[in-house]
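A look at the structure
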Amino acid sequence: MPASGAAVACTCLALEGRKRNGPAAMVDPSGGDRSDRMSCGKMAHIREHRAPLPDLPGIFTRTFSSRSPSFSQGSSRRAGMRIVVLGAGVVGVTSAYELARAGHEVTVVDRQPAAALETSFANAGEISPGYASPWAAPGIPAKALRWMFMKHAPLVIRPRLDAAQVRFLLAILRNCTPAAYAQNKGRMVRLAEYSRDCLTDLRAATGLAFDERQQGTLQLFRSQKQLDAAARDIEVLRAGGVPFELLDADGCLAAEPGLRAARDRIAGGLRLTGDETGDCFKFTQGLAGLAEEGGVRFRYGTGVERLRVEGGRVTGVETTKGTFLADAVVVALGSHSPALVAPLGLRLPVYPVKGYSITVPIVDADRAPVSTVMDETYKIAITRLGTRIRVGGMAEVAGFSATLPPARRETLAMSVNDLFGGAGDLSRASFWTGLRPMTPDGTPVVGRTPVTGLWLNTGHGTLGWTMAAGSARVLSDLIDGRAPEIESADLGIERYAAPGRRARPAVRLNPARQAG
């Protein structure tokens, strides 16, 4: 059984001063010295930026189109840089794909034996720009108290002697104001909508098949109170130009006929017509395969130990299989990202929030969902993936726990059986858990750090796949010194700096110590 996203990253998170077994080998990501590295012509940027993409694998083999990008202060951009991407989940693989298309020599490092074996493995299967919302919202503190006494609670908090958990929960509370919610949701929808457009381009170029459907998401309300509360989200959707439909119970049945047996439990719904569904694992594995055919190097089974920094600039990554030299490093390690950058004095407010899923074989297609139904009461998504139903959701703040409590499975089974009873064979369902890398404001951290050449693409929470393609393109633009097509200044780590202060390492970097 593939490893879950909740597995403890023992090899990934070694801090400074860790004892090593002899000197580390110096590894060029290409497997040779610099003169052996793939030329720009082979890792080519093959189109004018944002023009329709050609088919792969030719995308990587046409002539590099040189440009003279403007550089922001501190940029280290050169054509054909050696870039190491840490993490082979959906965010890391899409980042590698975009960077390779931009003409860089890309190596992906991951401790697992293949791509997408952690948080991207069995998530809810949603690509939901319209449903992009922060968990921190007005009323959540009061709801959290009520959920403590619910049998099928959507949120479970397991207190730990963990300063990071305390900081995360306090920051969540600070973001539960109406003003913060509106700002955070607007920022998330902006990135998610852009990401959907980027994914459309990517899908057209690659022809990847991943049990995809473009039939929207139905947010299902079981009470009039929930339906009334949707007004706040509708305002944000209207402001962002996101298409939606507000439905009564009969409208919900028209969109999802499989709900007919649950008619008396439906007050209405909010249908987001632009949302999509699919198998994130199939997508990520397929894209990784195409990227590898085009020259991206994947170093699986390789644990990340620490970053090498000399003179305030990243120079490589020390791993369990030697040191990978790099001109730039992208940290896309999800929940494990903070521990890697902490020795550099960077406090990255990303914390693991555990989610669960079951995957159920369909036995009656007429009773199964058409696309995705979001059960608002239990915060559970029920998604059609070909001949399977993926039921995913809940949020458990429990550190890096990898346990699979039967009670969580029972909640997932209850929701799908209550709404789509008889559609799937629950006795043959597989049960999985993974860690979502959450930020207090719901928005991922995408962009540069105060350490030259060190970049972040992490903290996507429950929307990693929804935001992956857009985040990757924004990151590629920033690394290349181009202005992204959407506003990106509020996506970086700088937004967590104290007002009036620029984000910077909290400690003075010691070049000799960082170089090991």
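As the structure is a prediction and not an experimental result, all values here were calculated from the model.

Re the overall build of the protein
Check the secondary structure of the protein and you find 12 helices and 21 strands. For the protein, buried positions account for 59% of its 516 residues. Within the protein, contacts between residues separated by at least 24 positions form 77% of all contacts whose residues are at least 6 apart in sequence. Carbon and sulfur atoms form 54% of the exposed surface of the protein, whose accessible area is close to 20000 Å².

So, the packing of aromatic side chains
Using the criterion set out here, one finds seven aromatic pairs in the structure. Relative to phenylalanine 283, the ring of phenylalanine 210 lies with its centre 5.3 Å away and its plane at 80 degrees, an arrangement referred to as edge-to-face. Of the two residues, phenylalanine 210 is situated in the loop between α4 (178–206) and β6 (217–221) and phenylalanine 283 in helix α8 (residues 280–293); the sequence distance between them amounts to 73 residues. This pair shows no difference in class: phenylalanine 210 is buried, exactly as phenylalanine 283 is. Between tyrosine 356 and phenylalanine 431, the aromatic rings sit 6.0 Å apart at their centres with planes inclined by 25 degrees, giving stacked as the arrangement. On the criterion of sequence distance, the pair formed by tyrosine 356 in strand β15 (residues 351–361) and phenylalanine 431 in strand β19 (residues 430–438) is long-range, its members being 75 residues apart.

Describing the pairing of strand β17 (residues 380–385)
Burial within β17 is extensive, with six of its six residues counted as buried. Residue alternation in β17 divides its side chains into two sets, Ile380, Ile382 and Arg384 and Ala381, Thr383 and Leu385, and both sets are buried. Across four bridges, the pairing between strand β16 (residues 372–375) and β17 is antiparallel. When the sheet's bridge partners are listed, threonine 372 is paired in β17 with threonine 383. As paired elements, β17 and strand β18 (residues 388–397) share six bridges and run antiparallel to each other. Bridge pairing in β18 places threonine 383 opposite arginine 390.

Let's talk about the sheet that holds strand β10 (residues 297–299)
One open sheet accounts for six strands, arranged β10-β3-β2-β14-β21-β20; its pairing is mixed. A single partner strand is all that each edge strand has here, and the edge strands are β10 and β20 (445–448). Taken pair by pair, the neighbouring strands of this sheet meet at an average axis angle of 20 degrees, ignoring direction. Bridge count between strand β2 (residues 82–86) and strand β14 (residues 328–331): four bridges; the pairing is parallel. Looking at the pairing, isoleucine 83 lines up with alanine 328 of β14.

A short note on the packing of helix α1 (residues 90–101) against helix α11 (residues 464–479)
The interhelical angle for the contact between α1 and α11, taken along N-to-C directions, is 35 degrees, at an axis separation of 8 Å. Handedness of the α1/α11 crossing: right-handed. Residues Val90, Val91, Thr94, Ser95, Glu98, Leu99 and Arg101 of α1 lie in contact with α11, whose contacting residues are Gly464, Trp465, Ala468, Ala469, Ala472, Arg473, Leu475, Ser476 and Ile479. When grouped by side-chain class, the residues that make up the contact of α1 with α11 number nine nonpolar, four polar and three charged.

Let's talk about the confidence of the model for the protein
Summing up the model confidence of the protein, the mean pLDDT is 84 and the portion of residues at 70 or higher is 81%. Across residues 1–26, where pLDDT falls below 50, the model places 64 contacts with residues more than four positions away in sequence or in other chains. Throughout residues 505–516 the model reports pLDDT below 50, and contacts reaching past four residues in sequence, or to other chains, amount to 32 contacts.

A closer look at helix α3 (residues 163–174)
For α3, built from 12 residues, the straight-helix expectation of 16 Å at 1.5 Å per residue is met to within 8% by its first-to-last C-alpha distance of 17 Å. When we look at burial in α3, the residues that qualify are Gln165, Phe168, Ala171 and Ile172. For α3, the angular spread of buried residues about the axis comes to 130 degrees, placing them on one side. Along its buried surface, α3 packs onto β15, β18 and β19. A distance of 3.0 Å separates the backbone nitrogen of alanine 164 from a side-chain oxygen at the start of α3, and that oxygen is part of aspartate 162.

Focus on the environment of isoleucine 157
Topologically, isoleucine 157 is positioned in strand β5 (residues 155–157). When the C-alpha atoms of isoleucine 157 and glutamate 396 are compared, they prove to be 5.8 Å apart, with 239 residues separating the residues in sequence. For isoleucine 157, the contacting residues outside a window of four places in its chain are Leu169 and Val397.

A few points about a positive patch on the surface
The grouping of Lys143, Arg146, Lys225 and Arg232 at the surface amounts to a positive patch. Residue placement: arginine 146 occurs in helix α2 (residues 140–147).

What about the packing of α4 against α11?
Contact geometry for α4 and α11: axes closest at 6 Å, N-to-C directions at 85 degrees. Judged on the interaxial angle alone, α11 and α4 are roughly perpendicular. Taken together, the residues of α11 that come into contact with α4 (itself represented by Met188, Leu191, Ala192, Tyr194, Ser195, Cys198, Leu199 and Asp201) are Thr466, Met467, Ala468, Ala469, Gly470, Ser471, Arg473 and Val474. When the residues that make up the contact of α4 with α11 are grouped by side-chain class, the tally is 10 nonpolar, four polar and two charged.

Considerations on the environment of aspartate 366
On the secondary structure map, aspartate 366 appears in the loop between β15 and β16. Considering only alpha carbons, one finds aspartate 366 and proline 257, 109 residues apart in sequence, at a separation of 7.7 Å.

Here's the deal with a nonpolar patch on the surface
There is a patch of nonpolar side chains on the surface, built from Leu145, Met148 and Phe149 and spanning about 410 Å² of accessible area. Checked against the element boundaries, methionine 148 lands in the loop between α2 and β5.

Considering empty space enclosed by the protein
Rolled over the atoms, a probe as big as a water molecule pinpoints where empty space is left. By the definition in use, this model includes eight cavities of 30 Å³ or more. Volume-wise, the largest cavity comes out at about 50 Å³. Lining the largest cavity are Ser133, Pro134, Trp135, Met188, Met438, Gly442, His460, Gly461, Thr462 and Leu463. The residue makeup of the lining of the largest cavity, split by class, is five nonpolar, five polar and no charged.

A short note on the pattern of salt bridges
For the structure shown, the criterion picks out 31 salt bridges. With its nearest N and O atoms 2.8 Å apart, the salt bridge here joins aspartate 375 to arginine 222. Of this pair, aspartate 375 sits in strand β16 while arginine 222 is found in the loop between β6 and α5 (224–229), placing the two residues 153 residues apart along the sequence. Judged by relative accessible area, aspartate 375 falls into the buried class, the value being 0%.

Each value, and the rule that gives it
Residues numbered from 1 in each chain as written. Predicted model: local features only at pLDDT ≥ 70, side-chain atom pairs only at ≥ 80, totals over all residues. Heavy atoms only, no water. Helix = DSSP H or I, 4+ residues; strand = E, 2+ residues; numbered from the N terminus. Buried < 20%, exposed > 50% of the residue type's maximum accessible area, 1.4 Å probe, protein only. Contact = heavy atoms within 4.5 Å. Areas by Shrake-Rupley, 256 points an atom, 1.4 Å probe, with all protein chains shown as cover. Phe/Tyr/Trp six-rings, centres within 6.5 Å; stacked < 30°, edge-to-face > 60°. Pairing = 2+ DSSP bridges. Axes fitted to C-alpha atoms, helices over the stretch in contact; angles between N-to-C directions. Left-handed = near helix turned anticlockwise from the far one by under 90°. Nonpolar A, V, L, I, M, F, W, Y, C, P; charged D, E, K, R; others polar. pLDDT = per-residue confidence, 0-100. Expected span 1.5 Å × (residues − 1). Arc of directions from axis to C-beta. Polar contact = N/O pair within 3.5 Å; in protein donor to acceptor, adjacent residues only side chain to side chain. Patch = residues over 30% accessible without salt bridge, like charges linked within 9 Å, V, L, I, M, F, W, Y side chains within 5 Å. Salt bridge = Lys/Arg side-chain N within 4 Å of Asp/Glu carboxyl O. Lys, Arg positive; Asp, Glu negative; His and termini not counted. Charge placed at Lys NZ, Arg CZ, Asp CG, Glu CD. Parallel < 35°, antiparallel > 145°, perpendicular 65-115°, else oblique. 1 Å grid on protein atoms, 1.4 Å probe; cavity = no way out; pocket = protein on both sides within 12 Å on 5 of 7 lines; lining within 4 Å. Points joined across faces, edges and corners; volume = space filled by probe spheres on them.

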